Amino acid sequence: MDLDPEDLFRDDDDDPENEFYQERDYGKEMVVYLVDASPKMFNSVSISEDQKEESHFHIAVSCISQSLKTQIINRSYDEVAICFFNTREKKNLQDLNGVFVFNVPEREYLDRPTAMLVKEFACIEETFMKEIGSQYGIISGSRENSLYNAVWVAQALLRKGSAKTVDKRILLFTDEDDPFGSITGATKKDMIRTTLQRAKDAQDLGISIELLPLSRKDEEFNVSLLYADLIGLEGNTLTQFITSAGEKLEDMKDQLRKRMFKKRKIKRITFSIADGISIEVNTYALIRPTLPGTITWLDSVTNLPLKTERSFICADTGALVQEPAKRFQSYKSENIKFSSEELAEIKRVSTGHLRLLGFKPLSCLKDYHNLRPSTFIFPSDEEIIGSTCTFIALHRSMLRLRRYAIAFYGSSTHSQMVALVAQDEITNSSGQVEPPGMHMIYLPYSDDIRPIEEQFMDANSMTPRATDDQIKKATALLKRVDLKDFSVCQFANPALQRHYAILQALALDEDEMPELNDETIPDEQGMSRQGVVNALEEFKVSVYGENYDQEEADSITAKTEASKKRKATAENAAKESANYDWAELAENGKLSYLTVVELKRYLTAHNLPVSGKKDDLIGRILNHLGKK
């Protein structure tokens, strides 16, 4: 019986139908990196005045290399392929000139990234000219079109997988905005037409093409010459393209080692509104906890993942049981057998559909009802036509009447009530900030909400209260150190950063671990601003007074705590030592039968030194009892 290694370490509460697990199979991404390898890409250029000169080819390779490292952490089950065009050598399944698909042994052209792929690709610049070579693939007097061939090869690499469940992309790196510039006349028009048609064919198959242009400091990439038509840019998107593409390139270079869960469609469910009326909605996971990956058992010799098998042995004969185990329930002295299908049907609590029960005012929904990350739902007309119209009508009514919906939802093993809270669309000058839809909040059971136990100080003493001046000074201090537009996404988890950095160093045989920037450490430069220092000093004076010395206060506190600890230890030792008749033990010479810990209790209770060996302790006790 084959077992999933992840199942061995999965909590009992983890549901295989949970959206966290659904996303793995439903939202896979396949990416083909297309890198221009023409001689122009290898010329050293200065991107800006404060940066050293480097080639565009180096920039593209660095971005892809960093993306591969982070992808193993972010989405290890995504698949990638790396393809160079305008090359001297050719290596592709179609045997087209000027296109070289880079790969390593024991890996398909389009496959999950591996440590060997990352290591080999990191050294590609050193061996590129010798093993692959560079040349212009589109030149005057030749009908060879390397750009056309590259899109064709990339499209063929992305042929597997359904476009409904797999996100397919082609990322194109180039610094040549007019690849057909050296050709004129009808030949140029024909080559442009066939190239654009090839790109359109790929897009019709559900493959998106994204351009990452590499511009020089004094020469901007003119996307209007060819690539605007190739990737389908027009209007405002055309004017803002260069800026957004530059930001995307920087994001690829500066990615953090973190588990990144993209907002992809996770699961499609049926939303039953009333008898005979159902619509179709898609679910999206927006925020979730980030944890290290699951444990994978590896062979100590080959370092390959182990395949776990389980066998059953008969307790009477010791023979290996070949037939599947039968399950039964005793009833009236008879064993009633059940099949696996029957047991699954008995345990099934819900079909997994979302069923509307009613509505309540928004004021009834409290913050503490949200015990786990919510799920975002959005309508879909793929299976049930008219779902969007019905959803919009329900959505608008809930916003207008300020109501939220109560619904019943759950998997086959875990069902519960949920609250559907409508969210209106939020936009600004840059476009949409938050989409319209509903948040599905998983409501707690009654025993999930526990009363808060308030701890009071001594009933005879008064509870200290802050004065108006102290509150005023504290408010001023908080305003000074308040983080503007704070988001939890701004800071990386330093523990996870270190965890993945160690894994990367081990997998790639790196001698040194990459440097980590702990963003959770207090900002010393920001805290040293004069306004913050003044506000902090005023708050300290209002609470502790002008002549307050922190070191002296800490010393007094430490002495007080030490004194309390010694007193508690002495009281406990006196209580424990009272259980022994020390005079009788000393008279009969039985003190040596006791342990060192028991002897020290007597010494501690009588405020005597506890240092020395066991004989020293016994002598000290005898001397105190006057038996020596």
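All values reported here derive from a predicted model rather than from experimental measurement.

A. Highlighting the side chain of Gln423. Mapped onto the elements, Gln423 comes out in strand 17 (residues 415-423). A polar side-chain atom of Gln423 sits 2.7 Å from the main-chain carbonyl oxygen of Pro435. Ignoring sequence-local partners within four residues, the contact set of Gln423 consists of Phe376, His395, Leu399, Glu434, Pro435, Pro436, Gly437 and His439.

B. Local environment of unusual backbone geometry. Look at Glu106: it is not a glycine, yet its phi comes out positive at around 60°. Counting through the fold element by element, Glu106 comes out in the loop between strand 5 (99-102) and helix 4 (115-122). The exposure class assigned to Glu106 is exposed, which follows from its relative accessible area of 85%. In this structure, Lys332 is a non-glycine residue whose phi angle is positive, near 55°. Here Lys332 lies in the loop between strand 12 (327-331) and strand 13 (334-338).

C. Geometry of the packing of aromatic side chains. Following the criterion strictly, the structure yields 11 aromatic pairs and no others. Residues Phe84 and Phe121 carry aromatic rings whose centres are separated by 6.4 Å and whose planes lie at 20° to one another, so their mutual orientation is stacked. In this pair, Phe84 is assigned in strand 4 (residues 79-85) and Phe121 in helix 4, connecting sequence segments 37 residues apart. Pairwise contacts between aromatic rings join Phe42, Phe57, Phe84, Phe102, Phe121 and Phe128 into one cluster. The ring of Trp152 has Arg198 sitting right over it, with the charged end atom 4.8 Å from the ring centre.

D. Structural view of the sheet that holds strand 7 (residues 207-213). Here five strands make up an open sheet; going across it, the order is 5-4-1-6-7 and the pairing mixed. Across the chains shown, the open sheet's two edge strands, defined by having one partner strand only, are strand 5 and strand 7. Between one strand axis and the next, the sheet turns by 20° as a mean value, whatever way the strands run. In this structure, strand 4 lies alongside strand 5, joined through four bridges in antiparallel fashion. Within the sheet, the bridge partner assigned to Phe84 lies in strand 5 and is Phe100.

E. A look at the UniProt feature "domain: SAP" (unreviewed entry) in the protein chain. As annotated by UniProt and renumbered to match this structure, "domain: SAP" (unreviewed entry) occupies residues 591-625. Split by type, residues 591-625 is 63% helix and 0% strand. Its first and last C-alpha atoms lie 12 Å apart.

F. Representation of the packing of helix 13 (residues 468-481) against helix 16 (residues 530-544) within the structure. Running from N to C, helix 13 and helix 16 point in directions that differ by 155°, and their axes come no closer than 9 Å. Looking at the two axes, helix 13 sits roughly antiparallel to helix 16. Like other packed secondary-structure pairs, helix 13 and helix 16 cross with a definite hand, here left-handed. Listed contacts from helix 16 to Asp469, Gln470, Lys473, Ala474, Leu477, Arg480 and Val481 of helix 13 are Gly531, Val532, Ala535, Leu536, Glu538, Phe539, Ser542 and Val543. Across the contact of helix 13 with helix 16, the residue classes break down as eight nonpolar, three polar and four charged.

G. Seen up close, the pairing of strand 14 (residues 354-361). In terms of strand pairing, strand 8 (residues 265-274) meets strand 14 through two bridges, oriented parallel. Opposite Ser272, over in strand 14, you have Arg355 as the bridge partner. Where strand 14 and strand 16 (residues 403-410) come together, six bridges link them in antiparallel fashion. For Lys360, the partnering residue across the bridge sits in strand 16 and is Tyr404.

H. How the structure looks around the environment of Thr388. Along the polypeptide, Thr388 turns up in helix 12 (residues 387-401). Taking the relative accessible area as the measure of exposure, Thr388 reaches 24% and is therefore partly exposed. Taking C-alpha positions, Thr388 is 8.0 Å from Ile279, a pair spaced 109 residues apart along the chain. Apart from the residues within four sequence positions on either side, Thr388 is in contact with Pro379, Ser380 and Asp381.

I. Spotlight on the sheet that holds strand 9 (residues 277-285). An order of 8-9-15-20-17-16-14 is seen for the seven strands of this closed barrel, with the pairing classed as mixed. Geometrically, the sheet is characterised by an average inter-axis angle of 40° between neighbouring strands, direction not taken into account. Both strand 16 and strand 17 contribute to a ladder of six bridges, which runs antiparallel. Its bridge partner lying in strand 17, Phe408 is registered against Met417.

J. Highlighting a nonpolar patch on the surface. A cluster of nonpolar side chains, Ile502, Leu503, Leu506, Met513 and Leu516, forms an exposed patch at the surface whose accessible area comes to about 420 Å². By the element assignment, Leu516 lies in the loop between helix 14 (494-507) and helix 15 (524-527). Classification of Leu516 by relative accessible area gives partly exposed; the value is 34%.

K. Looking closely at the pattern of salt bridges. A full pass over the atoms with the stated rule returns 14 salt bridges. Taking the shortest distance from any N to any O, the salt bridge between Glu176 and Lys40 comes out at 3.3 Å. On the criterion of sequence distance, the pair formed by Glu176 in the loop between strand 6 (166-174) and helix 7 (185-204) and Lys40 in the loop between strand 1 (28-36) and strand 2 (44-45) is long-range, its members being 136 residues apart. The exposure classification of Glu176 matches that of Lys40, with both residues buried. Taking the shortest distance from any N to any O, the salt bridge between Lys200 and Asp204 comes out at 3.2 Å. Taken as a pair, Lys200 and Asp204 lie in helix 7 at a separation of four residues, close to a single helical turn.

L. Local environment of the nonpolar core. Grouped together as the largest cluster of nonpolar side chains are 37 residues, with contacts concentrated most on Val32, Leu34, Leu147, Leu211 and Tyr227. For this core, the secondary structure elements donating two or more residues are strand 1, strand 4, strand 5, helix 6 (146-157), strand 6, helix 7, strand 7 and helix 8 (227-231). The element that contributes the greatest number of residues to this core is helix 6, accounting for five residues. By size, the runner-up hydrophobic cluster in this structure holds 29 residues, among which are Met41, Ile59, Val80 and Ile82.

M. Representation of the packing of helix 19 (residues 596-605) against helix 20 (residues 614-625) within the structure. The contact between helix 19 and helix 20 brings their axes to 10 Å, and the two run at 35°. Like other packed secondary-structure pairs, helix 19 and helix 20 cross with a definite hand, here left-handed. Here helix 19 contributes Val596, Leu599, Lys600, Tyr602 and Leu603 to the contact with helix 20, which in turn contributes Lys614, Leu617, Ile618, Arg620, Ile621, His624 and Leu625. Residue composition of the contact of helix 19 with helix 20, grouped by class: eight nonpolar, one polar and three charged.

N. The side chain of Ser65, seen in detail. Along the polypeptide, Ser65 turns up in helix 3 (residues 56-74). Taking relative accessible area as the criterion, Ser65 reaches 11% and is therefore assigned buried. The contacts of Ser65, once residues within four sequence positions are left out, are Phe121 and Ala122.

Here is what the cut-offs are and how they apply
Residues numbered from 1 in each chain as written. Predicted model: local features only at pLDDT ≥ 70, side-chain atom pairs only at ≥ 80, totals over all residues. Heavy atoms only, no water. Helix = DSSP H or I, 4+ residues; strand = E, 2+ residues; numbered from the N terminus. Polar contact = N/O pair within 3.5 Å; in protein donor to acceptor, adjacent residues only side chain to side chain. Contact = heavy atoms within 4.5 Å. Buried < 20%, exposed > 50% of the residue type's maximum accessible area, 1.4 Å probe, protein only. Phe/Tyr/Trp six-rings, centres within 6.5 Å; stacked < 30°, edge-to-face > 60°. Lys NZ or Arg CZ within 6 Å of the ring centre and 35° of its normal. Pairing = 2+ DSSP bridges. Axes fitted to C-alpha atoms, helices over the stretch in contact; angles between N-to-C directions. UniProt positions renumbered as here; feature names shortened; annotations may be inferred. Parallel < 35°, antiparallel > 145°, perpendicular 65-115°, else oblique. Left-handed = near helix turned anticlockwise from the far one by under 90°. Nonpolar A, V, L, I, M, F, W, Y, C, P; charged D, E, K, R; others polar. Patch = residues over 30% accessible without salt bridge, like charges linked within 9 Å, V, L, I, M, F, W, Y side chains within 5 Å. Areas by Shrake-Rupley, 256 points an atom, 1.4 Å probe, with all protein chains shown as cover. Salt bridge = Lys/Arg side-chain N within 4 Å of Asp/Glu carboxyl O. Core = buried A, V, L, I, M, F, W, Y, C linked by side-chain atoms within 4.5 Å.

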